[in-house]
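# Working through the structure, step by step
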Amino acid sequence: MSETHYRTCNLCEAMCGLKITHLNGKIEKIEGDKEDPLSRGHLCPKAYGLKDIYEDPDRLKRPLKKINGNWQEISWELAYEEVASKIIEMNMKYGADSIAVYQGNPSIHNLGTMLTSQPFFRSLKTKNMYTATSTDQLPHHFASWLMYGHPLLVPIPDIDNTDLWVIFGGNPLVSNGSMMSVPDVAHRMKAIQERGGKIIVIDPRKTETALKADQHIFIKPGKDAWLLAAIANYIISEGKLKWGSLADFTDGLDELTAAIKYVSIAKASIETGVREDVILALAETICQAEKAAIYGRVGVSTQSFGGLSHWLINVLNILTGNLDKVGGVLFTTPAIDSIGRSKPRNRFNRWQSRVRKFPEFIGELPVACLSEEIETDGPGQIKMLMTSCGNPVLSITNGGRLDKALEKLEYMVSIDIYMNETSRHADIILPPATGVETSHYDLTFHHLAIRNSSKYSPALFEKTEGARYDWEIFQELGNVLSRKVSGEEINGGKIFTPEQMLSRSMAANTYCITWEQVMESPHGLDLGALKPQLPGRLSHENKRINLAPELLLNDLNRLQASANKSGEGYLLIGKRHLRDNNSWMHNSEQLQKGKNRCILLINPKDAKKEGLADKEVVRVKSRVGEVKINVEISDEMMPGVLAMPHGYGHNKKGIKMEVAQKNAGVSVNDLTDDLVIDELTGNSAFSNVYVTLHKNSEQAIF
Ligand SMILES: Nc1nc2c(c(=O)[nH]1)N[C@H]1C(S)=C(S)[C@@H](COP(=O)(O)OP(=O)(O)OC[C@H]3O[C@@H](n4cnc5c(=O)[nH]c(N)nc54)[C@H](O)[C@@H]3O)O[C@H]1N2
Ligand SMILES: Nc1nc2c(c(=O)[nH]1)N[C@H]1C(S)=C(S)[C@@H](COP(=O)(O)OP(=O)(O)OC[C@H]3O[C@@H](n4cnc5c(=O)[nH]c(N)nc54)[C@H](O)[C@@H]3O)O[C@H]1N2
Ligand code: SF4
Ligand SMILES: [Mo]
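Within every chain, residues take consecutive numbers counted from 1 along the sequence as written. Chains and ligands are labelled by the order in which they are written, letters from A for the one and numbers from 1 for the other. In view of the model being predicted, local features appear only for residues whose pLDDT reaches at least 70, and side-chain atom pairs are presented and counted only at 80 or more, with totals across whole chains, interfaces and linings using the full set of residues. In computing side-chain properties, one takes all heavy atoms of the structure into account and sets aside hydrogens as well as water.

## Looking at the domain arrangement of the protein chain
The cut-off we apply is this: Boundaries between domains were set according to an automatic or database domain assignment.
As far as domains go, the protein chain holds domain 1 (64–136 + 341–435 + 466–493), domain 2 (155–330) and domain 3 (565–695). Look at where the C-alpha atoms of domain 1 and domain 2 centre, and you get two points 37 Å apart.

Take a look at the structure:
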């Protein structure tokens, strides 16, 4: 008889509840769990990928060591011994900073890694910590830390109650929401419209979300800060401020007013390519809405003014009284709350990168600096790299440079489930159990969800014999290292399970729910809608909002200096597909079906100008590299802007992902530029890279 298992899908931020039917260790069916309080039965095609990952013959299960260029299976004990010895050796030869760490996106979706990787990596005491955050949402954290006192105090659109949802640079119908866990976003968007509300999308591409919205506004990539500042200026200078009780605990209105008064709607129109009357109408719509949620995502994060943009989005929500309001944007109250427990402290510029002197933020350096820190000789140079849950060769700007730089390392370890573009460079790969072989509790995304809930998922299947969980790897490796350094293991060598750790974290929570209750609720516990909770929830010691942090005000000078400047060629932006998940799910047969997705979108006028026909192969060049790709002509694109997905480029030698290699594509990050970054936050600026197009008949470099 088939059995039923309920769990949370951990492949993206939406946290969908799944109902999995299985028999004798085989998954028969994956459906949405209608009783999950957050996702209400929603799921997307990627959920079926969980079955493919579980069954994937290419997935690694035991440690591999590269010996004379050939991979050989070795025992976990030998692998730990070797890695720990190398850490000690590098430390003695070159110092702690010679060991770098890159933690990729699935780290944050993976319970074992969330609980155990930080204590281990922090024990290395290296300043060279890098994560996917600086290719993604770092500007959100930067603005939140400065304005509200904690990087995770990110206001979440209350879209189940709002009248107006304004989306800058996000495509939730494809991404399923980000920095906003919003499963079933399609129905929620429809509900806004059915109750007479409106959705407005501001994006250089007419996206899937824009097509369902009430209005779409094309904007030149990288220019959102102008539009946002002009609207804020309009609200203040036209006396349309209506921030009610927020005024009682918000500082900095005068400083803000003075700093943005030069940004007129006319000026913003020139910079953004949005007509003046359209900006004015948008400003009025925002002012007049009784309840509005202004939201920005990856498109406004991964650009040269990501920090400014996210600050100004917050500013607009505050000036219009929509922060901390039902139907506006609200803070969450997760049962396991990492905000309440942490003390206010400086998190910026405590050290700098060695080569370009970029400031640290939240304990990490911009990943756009990783390659140069490996390549540049001298004290503090990176000699060893440990990656976990990440594929930076495909995911960081100028990934091609990193691909070469990795060969310069003395030693590299990848904690990863595949031999891919990055881990192929490693000396040792440590592959953890994953997906349905692991238990799950979402420690991050309950902080960012549109509704409070709490859910634990046990493992469905036993891990493969001889495999290790991520939490075993980090604790066991930590113990071996500690034994070698001090003669003693951590906690006397005791290994804690995620469940033991979680039960402790759950001990004091505002809902007074017990760990046992959570464990016994297979669909999860509904903890209710988001509620106003200011000023109490603020993390600043004075419990006040800072509307005008100095670092952000100063960065307006950089914005002003950027006026009237542009590069040669086209701006290249990203494009996500519902069946892709960054760089790593292309080995799923079910998800790879269908037409080639690694294409370059171009507006018909631009195609005509370049003499390009639909599906023609074109050479795309940037300062850092060149790729060949098929064009797809589409009026989805704003003229002057091209779009291309990331995560492809599986055509490299020495990788072992049979399905992905069949449809290898090319990597957009062989074009994006590690020198183009948000100078304030250090975030990669994918959307500010210029490329030129060349007919393929010209002399090819391949
Ligand atoms: N041009 C461009 N580049 C981008 C983006 C863009 O929009 N445009 N987006 C950026 C963003 S937002 C992000 S988040 C990054 C993502 O980029 P990365 O942080 O590099 O993450 P992924 O590409 O998702 O790679 C995930 C890796 O984790 C491994 N993995 C999967 N599950 C597990 C597990 O359970 N345990 C372990 N140990 N490993 C596992 C996979 O095999 C894969 O190697 O890419 C960024 N790069
Ligand atoms: N199916 C699927 N879902 C995913 C992922 C995936 O790879 N596939 N990745 C996950 C990850 S790691 C993340 S971070 C989230 C991202 O979640 P989203 O941010 O919702 O995802 P994107 O589709 O990248 O949306 C970014 C939008 O910004 C637009 N854009 C680009 N540059 C600019 C600009 O300068 N200004 C403005 N206004 N818009 C701009 C792009 O055209 C695009 O529509 O998605 C997550 N969900
Ligand atoms: S939307 Fe995200 S969480 Fe939901 S099923 Fe798809 S991948 Fe999983
Ligand atoms: Mo991301």
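## What about the confidence of the model for the protein chain?
As a reminder, the rule being used: On a range of 0 to 100, pLDDT expresses the predictor's confidence in each residue. Secondary structure follows DSSP: runs of H or I at least 4 residues long count as helices, runs of E at least 2 residues long count as strands, and numbering of each begins at the N terminus.
Mean pLDDT over the protein chain stands at 97; residues scoring 70 or higher make up 99%. Between the elements of the protein chain, mean pLDDT differs from a low of 93, seen in helix α21 (residues 589–592), to a high of 99, seen in strand β10 (residues 198–202).

## Structural notes on the nonpolar core
The cut-off we apply is this: Put simply, buried Ala, Val, Leu, Ile, Met, Phe, Trp, Tyr and Cys residues joined by side-chain atoms within 4.5 Å make one nonpolar core. When a residue's accessible area, from a 1.4 Å probe over protein chains only, is under 20% of the maximum for its type it is buried; when over 50% it is exposed; and in between it is partly exposed.
Ranked by size, the top nonpolar core spans 98 residues in total, and within it Trp165 and Trp311 carry the most contacts. For this core, the leading source of residues is helix α8 (residues 224–237), giving 11 residues. Judged by nonpolar contacts, the second largest core, of 27 residues, contains Ile374, Ile382, Leu385 and Ala405.

## Brief notes about the sheet that holds strand β17 (residues 384–388)
Let me state the cut-off plainly: If DSSP finds at least two bridges between two strands, the strands pair. Comment: axis = line fitted to C-alpha atoms, over the contacting stretch for helices; angle = value between 0 and 180 degrees taken between N-to-C directions. A contact between two residues is defined here by any heavy atoms of the two lying within 4.5 Å.
Spatial strand order, β5-β4-β19-β18-β17-β6-β7: 7 strands in an open sheet with mixed pairing. Two strands bound the open sheet, and with one partner strand each, they are β5 (70–73) and β7 (129–131). Sheet twist, expressed as the average angle between the axes of neighbouring strands with direction ignored, equals 20 degrees. Helix α2 (residues 76–94) contacts β4 (64–67), β6 (99–103), β17, β18 (411–415) and β19 (428–430) of the sheet and is inclined by roughly 135 degrees relative to β17.

## Side note on α2
In an α-helix there are 3.6 residues to a turn, and that puts residues three or four apart on one side. To be explicit about the condition: The span expected for a helix works out to 1.5 Å for each residue beyond the first.
Between its first and last C-alpha, α2 extends 27 Å over 19 residues, near the 27 Å set by a 1.5 Å rise per residue. Residues Trp76, Ala79, Tyr80, Glu82, Val83, Ala84, Ile87 and Met90 constitute the buried set of α2. Immediately downstream of α2, the backbone of Gly95 shows phi near 95 degrees, a positive value.

## Quick word on the pattern of salt bridges
Formally: Any Lys or Arg side-chain nitrogen located within 4 Å of an Asp or Glu carboxyl oxygen qualifies as a salt bridge.
A complete count under the given rule lists 46 salt bridges for this structure. The shortest N-O distance in the salt bridge between Arg188 and Asp160 comes to 2.7 Å. Residue Arg188 is located in helix α6 (residues 185–194), and its partner Asp160 is located in the loop between β8 (156–157) and β9 (164–168); the two are separated by 28 residues in the primary sequence. Owing to a relative accessible area of 3%, Arg188 belongs among the buried residues under this scheme. For Asp160, a relative accessible area of 28% gives the class partly exposed. Of the charged contacts in the structure, one is a salt bridge between Arg558 and Asp555, with a shortest N-O distance of 2.7 Å. You can see Arg558 and its partner Asp555 sitting in helix α20 (residues 550–561), 3 residues apart, about one turn around the helix. A residue is classified by how much of its surface remains accessible, and Arg558, at 21% relative accessible area, is partly exposed.

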